[in-house]
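Spelled out, the chains give:
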Amino acid sequence: MFQRHRSATLFGVYSLVSLALLAWSANRVVQSLKLSFFYLWSPSGSAVVGSLDQWGRVGQGFAKILRADQRARDFESRWVQDRLDTARLKSLEEENKRMADLLGVSPSAGFHATTARVWARDPADWFHSFLVNPGTPVKEGAAVITMESGRPVVVGQVREILPDGKARILLVTDPFSALSAFVTRTGEQGLVEGRGGAKILLNYLFSDSDIRPGDEVVTAGLGEVYPPHLLIGHVTDVVAPLGASSKRAVVSPAARLGFVREVLILSPTSPDPGDKKIP
Amino acid sequence: MKRTGMFFVLTLVLGWIFQALILYAVPAGLPTPQWLLLAVLALGAQGRTTFAMSAGFIWGLALDAYGISAFGVQGWLLALAGFGSGTLSKNLNAEKLGTQETLAVIATLVMWGGIRILSGIFDHSPVGHPSVILATAHVALNALVAPGVFWVMAAWSDLWDPRPRNDHA
């Protein structure tokens, strides 16, 4: 009898069990049974899913190795290029020294950089100066630069060293700030002066100057305070007063002075006392 | 007997692993074919009523334990699917495409209706009640893959327990 109706009987049993589980679904025994069922089935599914995850991680690791290999190749090629550049630079420096000796002029000063963090700003003096905390002692008059998009740009100059070693930086926007500059495109030289606002002025340009908005203004390197070719800013406007003998250009500083957090202070290195100068 | 037991356990485990793989591969929220329901139907249609019903009951409880439906809902519905297809197997030719599609569509609709009714009675939480859109997607997907599942289950069963073809239908 049971054999004949085995399927129906078994289905009845399953139905009763299901009904009991549903009727007493809030019961602790049913909840425990559900959890037991969950954990009973976990190993079979999670083993495979875990293996897939493992394979996925292998793939990610392989991709990382490929990327690392690519980077290593890039660095290697850059390193070789740097080696060549260094050799070329050394050769040029030696040649420069020989030429300077022959002509009897002193060689250009070198610079060493000290990093410093902006320590404080004075709200009453926002466009004029800020205080920095240099890691090593610096001298008054040293140039201060920062990096913008991977390029060194002028920030200002060390104006004052405080007794606790902090330095007050006079920004290029300060009216007392002045530095020699030239326009990259034309080579024309002028003097960049602060105006106390966000923009600065490039003064003393000849009246027939071809300067245009967008032109790049860089340091001329005169006076050995700033190294040459440091970006100061870009021309935004050209002012040519009627009948005046010179032109002026309004320059927007390349350094975002309101955002500067770290700076480099460039101190000139002393020339080698052993250098001979031909009279 | 031992061979049958091994067949049953392996079917259960492999079916569940396949289900876990599908859930792992398909982004959450996307409908997938109800593989286990189709497998139960295929086993039942071979005349293995007890086997299909028991596998369906255990798979269903596992789905309930892992899902959000009340514990016992899918267990009973999959057991019902196994019982139904097994009981009808003598009057069906499970190798015919039309039979497979009809079984898949009817079982999907019964499953959807059953979950809604049983959840409405026993589970008053607002989640876990499949929508009409999801049911439609399940009907379409199940109908699409049903011939493949029936074929795989037939091959798998023959591997363990070859049986003469069912000529009546």
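Residues numbered from 1 in each chain as written. Chains lettered and ligands numbered in written order. Predicted model: local features only at pLDDT ≥ 70, side-chain atom pairs only at ≥ 80, totals over all residues. Heavy atoms only, no water.

**Student:** Sorry if this is basic, but what is going on with the side chain of His138 of chain B here?
**Tutor:** Structurally, His138 of chain B is set in helix α6 (residues 132-160). Once residues lying within four places of it in the same chain are set aside, the contact partners of His138 of chain B are Pro31, Thr32, Gln34 and Thr108 of chain B. (Helix = DSSP H or I, 4+ residues; strand = E, 2+ residues; numbered from the N terminus. Contact = heavy atoms within 4.5 Å.)

**Student:** Looking at this structure, how should I read the layout of surface pockets?
**Tutor:** All names here are of chain B. In this structure, the largest pocket spans a volume of roughly 950 Å³. Along its surface, the largest pocket is lined by 33 residues, and Leu23, Thr32, Gln74, Leu134 and His138 are the ones closest to its centre. Those elements that provide at least two residues to the lining of the largest pocket are α1 (2-25), α2 (35-45), α3 (49-66), α4 (73-88), α5 (97-122) and α6. Of the residues contributing to the lining of the largest pocket, the split by class is 22 nonpolar, 11 polar and no charged. (1 Å grid on protein atoms, 1.4 Å probe; cavity = no way out; pocket = protein on both sides within 12 Å on 5 of 7 lines; lining within 4 Å. Points joined across faces, edges and corners; volume = space filled by probe spheres on them. Nonpolar A, V, L, I, M, F, W, Y, C, P; charged D, E, K, R; others polar.)

**Student:** Can you walk me through the packing of α2 of chain B against α6 of chain B in this structure?
**Tutor:** Any two packed helices are characterised by how steeply their axes cross, that is the angle between the axes, and by the distance between the axes. Residues and elements named next belong to chain B. In contact at an axis separation of 9 Å, α2 and α6 are set at 50° when each is read in the N-to-C sense. It follows from the interaxial angle that α2 and α6 lie oblique. Pair α2 / α6 crosses with right-handed handedness. Here Trp35, Leu37, Leu38, Ala39, Leu41, Ala42, Leu43 and Ala45 of α2 come into contact with α6, specifically with Asn142, Val145, Ala146, Val149, Phe150, Met153 and Ser157. Its residues assigned to classes, the contact of α2 with α6 comprises 13 nonpolar, two polar and no charged. (Axes fitted to C-alpha atoms, helices over the stretch in contact; angles between N-to-C directions. Parallel < 35°, antiparallel > 145°, perpendicular 65-115°, else oblique. Left-handed = near helix turned anticlockwise from the far one by under 90°.)

**Student:** Which parts of the structure should I look at to understand the pattern of salt bridges?
**Tutor:** Opposite charge on two side chains lets them pair, provided their charged atoms get close. Residues and elements named next belong to chain A. Inspection of every chain in the model, using the stated rule, returns nine salt bridges over all chains. Note that Arg73 is salt-bridged to Asp69, the shortest N-O span being 3.1 Å. Note that Arg73 and Asp69 are positioned in helix α2 (residues 28-103) at a spacing of four residues, about one turn of the helix. We classify Arg73 as exposed; its relative accessible area is 52%. Salt-bridge contacts for Glu160 lead to Arg168; the nearest nitrogen and oxygen are separated by 3.3 Å. Arg168 gets classed as partly exposed once you look at its relative accessible area, which sits at 26%. Residues joined in a network through salt bridges with shared partners are Arg185, Asp210, Arg212 and Asp215. (Salt bridge = Lys/Arg side-chain N within 4 Å of Asp/Glu carboxyl O. Buried < 20%, exposed > 50% of the residue type's maximum accessible area, 1.4 Å probe, protein only.)

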